[in-house]
Amino acid sequence: MKKETIAAISTGMTNSGIGIVRISGEDAFAVADRVYRGKQRLSDAESHTIHYGHIIDSGETVDEVLVMAMRSPRTFTGEDTIEINCHGGTFVVRRVLETVLKNGARPAEPGEFTKRAFLNGKMDLSQAEAVIDVINSENEYALQSSLSQLKGSIKNKIIDIRNKIIYHTAFIESALDDPEHIEIDGYADTLLEAAEEIIHDLEEMISSADNGRVIREGINTVILGKPNAGKSSLLNVLAGHERAIVTDIEGTTRDILEEQIRLGDLSLNVIDTAGIRQTEDVIEKIGVDRAMEYAGKADLIIYVVDASRELDENDEKILPLIKDKNTVILLNKSDLDTVVTEEMIKKKAGSICSGFSEEGKTKKEIPVISVSAKEEKGIEKLEKKLKEMFLNGIVSFNDQICISNVRQKNALADAEESMKKVVESINAGMPEDFYSIDLMDAYEALGSITGESVGEDLVNEIFSKFCMGK
Ligand SMILES: Nc1nc2c(ncn2[C@@H]2O[C@H](COP(=O)(O)OP(=O)(O)OP(=O)(O)O)[C@@H](O)[C@H]2O)c(=O)[nH]1
Ligand SMILES: [Mg+2]
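If you're wondering where the values come from, they're calculated on a predicted model, not measured in any experiment.

Enquirer: Requested: an account of unusual backbone geometry, with residues and values cited.
Expert: The omega angle of the peptide bond from Ser-72 to Pro-73 is 0°, so this bond is cis rather than trans. For Pro-73, the location among the structural elements is in the loop between β5 (60-70) and β6 (81-88). The residue Asp-324 is not glycine, and still its phi comes out positive at about 60°. Position of Asp-324 among the secondary structure elements: in the loop between α10 (313-322) and β12 (326-332). On the basis of relative accessible area, Asp-324 is assigned to the exposed category, the value being 58%. Phi is positive for Glu-376, close to 55°, though the residue is something other than glycine. Residue position: Glu-376 is located in the loop between β13 (368-370) and α12 (379-391).

The following block contains the structure:
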């Protein structure tokens, strides 16, 4: 079936220097020739050339343009493609598009160009998803990881794993078909080793998803501490303006407050919370519950200790919340006479946090920094520490695979589950034909990442999230 020729404005809809109307499909050249006047017909032009001329609508000049003529298959969509570079005023770009639409193209749906690139085999689904991620990237790291995905890092890894799975499945099947010639005894051990290796690879990719989210959406940072410790004061310092109400009344902050903060290449979603304490006040109690709930979901906890007051039962309540979390402890109010020392808080935290080994020595030392939110002291140290904590693992993104997409992550998790079943079956001494079902399930799940085993509905849903003209 002949695919319709589609057209859309591919540049942003604000007045700008240049606007681009893109046409893709078998009739792209014919449609363009109906609206373009220049030295030469585009149909006679060589591929990948640029032509100066005018767009004409019913004898009237619409704009002066440069037209790029690119023939299939070496184009983004894999189809014949024309890109009209016109002046970038929103009105004139729309007029050029209208003229094109009057002459045989239909408007493209959001993401339809990329969908065609996928359907024409120019890229797999993980790369198509990377296209939108590149467009939506808001920082260098997000961009780098999307670009690596676009180049095929995920695709290649998935193909590699799928090849291994299919090799083992094929071996089992043929051995079962032809037991006289193919020896299957002892094969379980080989498969077990391979399955464990695959599980390891899958787990690595799944865990990269959290890094990916942190980079893309910012680090979810929750400020915890007892009432009056100076949490809201800290938020205000980090935000650079008076975001939260600060008073010397305990229980000032009731609800959670969120603020986006940039630290160089890092973005933080900083959440100020109600001071943790036992309270009879109904509203404050809801606030405290919320603080705990947010702490559970945090990527990072900044635990603000009031160093001018003794540690008390409220601090004790906070310690379990920072267990297993990336945490920075701030000894706040360092401008006053302090009673809490670094050693004291480290000892307390060490007794509860699993990051500390039995000898009391830290495996993963929780950083403790003296600050004064009031006098804005020590804040630079905090910022430096955060960069250290989060950027170290991230900088090498170029050559690392980073899963950033929930759909892909879920598929990996499904594949991992199936592979674990394979391991279980082998360990339980089940017959060979048993595992091949689970192996094939894993194979299918991974295929959904690259788009080899996905239905039309899912494809449509994925591309509908794209912007117009891409
Ligand atoms: N001297 C001194 N006072 C501070 C410092 N940080 C905060 N404060 C004071 O401590 C009091 C409480 O500060 P907040 O920032 O409201 O404390 P909070 O932790 O948000 O308190 P709740 O919202 O009630 O949980 C205010 O009077 C602040 O001015 C500091 O570094 N030094
Ligand atoms: Mg507060």
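Enquirer: Now, about the pattern of salt bridges: what can you tell me, with residues and values included?
Expert: Close approach of charged atoms allows side chains with opposite charge to pair. Taken as a whole, this structure holds 32 salt bridges when the rule is applied. In this structure, the salt-bridge partner of Arg-243 is Glu-259, at a minimum N-O distance of 2.7 Å. In this pair, Arg-243 sits in the loop between α8 (231-239) and β9 (257-263) while Glu-259 sits in strand β9, placing the two residues 16 residues apart along the sequence. On the basis of relative accessible area, Arg-243 is assigned to the partly exposed category, the value being 28%. Asp-306 is the salt-bridge partner of Arg-309, the closest N and O atoms lying 2.7 Å from each other. Relative accessible area serves as the criterion here: at 1%, Asp-306 is assigned to the buried category. Each of Lys-3, Glu-4, Glu-79, Arg-106, Glu-112 and Arg-116 takes part in a single network of salt bridges with overlapping partners.

Enquirer: Talk me through the confidence of the model for the protein; I want residue IDs and the actual numbers.
Expert: Should the pLDDT be low somewhere, the predicted coordinates at that spot are not to be read in detail. Confidence along the protein averages 89 in pLDDT terms, with 94% of residues attaining 70 or more. Between residues 354-363, whose pLDDT stays under 50, and residues either more than four places distant or in other chains, the model counts 14 contacts. Here residues 394-398 is modelled with pLDDT under 50, and outside its nearest four sequence neighbours on either side it reaches nine contacts, counting other chains as well.

Enquirer: Break down the site of ligand 1 for me, with residues and values.
Expert: The full set close to ligand 1 counts 24 residues, and Lys-231, Ser-233, Gly-251, Thr-253 and Asp-335 are the nearest of them. A distance of 2.8 Å separates an oxygen atom of ligand 1 from a polar atom in the backbone of Thr-252. Ser-372 has a polar side-chain atom sitting 3.2 Å from an oxygen atom of ligand 1. Within the complex, 92% of the 650 Å² of free accessible area of ligand 1 lies under protein. When residues in the shell around ligand 1 are grouped by element, the largest group, three residues, is from α8.

Enquirer: So what about the domain arrangement of the protein? Which residues, and what values?
Expert: Once the domains are mapped, the protein shows domain 1 (6-124), domain 2 (139-213 + 402-451) and domain 3 (218-373). The C-alpha-based centres of domain 1 and domain 3 are spaced at 56 Å.

Enquirer: Just give me the short version of the sheet that holds β9, but keep the residues and values in it.
Expert: Pairing between sheet strands relies on hydrogen bonds along the backbone, with the strands arranged either parallel or antiparallel. Strands sit in the order β9-β10-β8-β11-β12-β13 across an open sheet of six strands; the sheet is mixed. This sheet does not close on itself; its edge strands, each paired only once, are β9 and β13. Each strand of the sheet is rotated relative to its neighbour by a mean of 25°, with strand direction disregarded. By the bridge criterion, four bridges tie strand β8 (residues 219-224) to strand β11 (residues 300-306) in an arrangement that is parallel. Across the sheet, the residue bridging to Val-222 is Ile-301, located in β11. Where α8 meets the sheet, it contacts β8, β9, β10 (266-272), β11 and β12, and its direction lies at approximately 40° from that of β9. Packing against the sheet, helix α9 (residues 282-297) makes contact with β8, β10 and β11, and its axis sits at approximately 140° to β8.

Enquirer: How would you sum up the pairing of strand β2 (residues 16-24)? Please name residues and give values.
Expert: Here strand β1 (residues 6-9) pairs with β2 via four bridges, running antiparallel. Note on β2: the bridge partner recorded for Ala-7 is Ile-23. With antiparallel pairing between neighbouring strands as the criterion, β1 and β2 make up a hairpin whose turn holds six residues. Relative to β6, β2 runs antiparallel, the two sharing eight bridges. Its bridge partner being in β6, Arg-22 is matched across the sheet by Glu-83.

Quick notes on the rules
- Residues numbered from 1 in each chain as written.
- Chains lettered and ligands numbered in written order.
- Predicted model: local features only at pLDDT ≥ 70, side-chain atom pairs only at ≥ 80, totals over all residues.
- Heavy atoms only, no water.
- Helix = DSSP H or I, 4+ residues; strand = E, 2+ residues; numbered from the N terminus.
- Buried < 20%, exposed > 50% of the residue type's maximum accessible area, 1.4 Å probe, protein only.
- Salt bridge = Lys/Arg side-chain N within 4 Å of Asp/Glu carboxyl O.
- pLDDT = per-residue confidence, 0-100.
- Contact = heavy atoms within 4.5 Å.
- Near = heavy atom within 4 Å.
- Polar contact = N/O pair within 3.5 Å; in protein donor to acceptor, adjacent residues only side chain to side chain.
- Areas by Shrake-Rupley, 256 points an atom, 1.4 Å probe, with all protein chains shown as cover.
- Domains from an automatic or database assignment.
- Pairing = 2+ DSSP bridges.
- Axes fitted to C-alpha atoms, helices over the stretch in contact; angles between N-to-C directions.

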